[in-house]
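Here are the chains, one letter per residue:
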Amino acid sequence: APAAPAPAAPAAVVPSDRMSPTLDKRASVAPDSLPMPVGGRVEARFKGKGKFYPGTITRANPDGATFSVRFDDGDADESVTLANISAFARPGQFSVGDQIEARFGGKGTFYKGEVIQDRGDGTYAVRYEDGDIEENVKFVRLPLA
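Presented here is a report on the structure given in the accompanying data block.

Describing an aromatic ring pair means giving the distance of the ring centres and the angle of the ring planes. The full count for this structure, using the stated rule, is six aromatic pairs. Summarising the aromatic geometry, the rings of Phe46 and Phe71 are spaced 5.6 Å apart at their centres and angled 80° between planes, so their arrangement reads as edge-to-face. Of the two residues, Phe46 sits in the loop between strand 1 (41-45) and strand 2 (52-60) while Phe71 sits in strand 3 (residues 66-71), which places them 25 residues apart along the sequence. Look at Phe46 and you get partly exposed, because its relative accessible area is 25%. Centre to centre, the rings of Phe94 and Tyr124 are 5.6 Å apart; their planes meet at 80°, and the pair counts as edge-to-face. Of this pair, Phe94 sits in the loop between strand 5 (85-87) and strand 6 (99-103) while Tyr124 sits in strand 8 (residues 124-128); the two residues are 30 residues apart in sequence, bridging distant segments of the chain. Considered together, Phe94 and Tyr124 belong to a single accessibility category, that of buried residues. Taken together through their ring pairs, the aromatic side chains of Phe104, Tyr111 and Tyr128 make up a single cluster.

Written as structure tokens, this is what we have:
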């Protein structure tokens, strides 16, 4: 399996109390809005618990809304929703001005924001809805409806 990308430097910005996290327990969206290819490296919540762990997508389930994930520690979860999966962003995947959700500081909560720069290495500069800016964000996704 391919090695996970090296972690980005910690963000110097701290989220303010005005930031409202997006709801990660919402229904999933169609897989084509956030591609999860078999073999793709991700971080996912095991059994929907709070922390994200590194793993690999092993199957797109027939329901079209969940995926099987094999975690790096050997555990597996056969029914992970998109709300519980973070794919590593790819260069050019998002454009300046795109409305997105991102994991502030790489932590477990997604916040709404806007892409302000594609850094060309799979990370993005993001302006969150409260005005805070974070550089080198590697977990970015389209908002879940």
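Here the narrative resumes.
Within the fold, Arg119 resides in the loop between strand 7 (110-118) and strand 8. In the structure, Arg119 is positioned 27 residues away from Gly92 in sequence and 8.9 Å away in space, judged by C-alpha atoms. Non-local contacts of Arg119, meaning those with residues more than four positions away in its chain, are made with Tyr124, Ala125, Glu135 and Asn136.

Reading the values: the criteria
- Residues numbered from 1 in each chain as written.
- Predicted model: local features only at pLDDT ≥ 70, side-chain atom pairs only at ≥ 80, totals over all residues.
- Heavy atoms only, no water.
- Phe/Tyr/Trp six-rings, centres within 6.5 Å; stacked < 30°, edge-to-face > 60°.
- Helix = DSSP H or I, 4+ residues; strand = E, 2+ residues; numbered from the N terminus.
- Buried < 20%, exposed > 50% of the residue type's maximum accessible area, 1.4 Å probe, protein only.
- Contact = heavy atoms within 4.5 Å.

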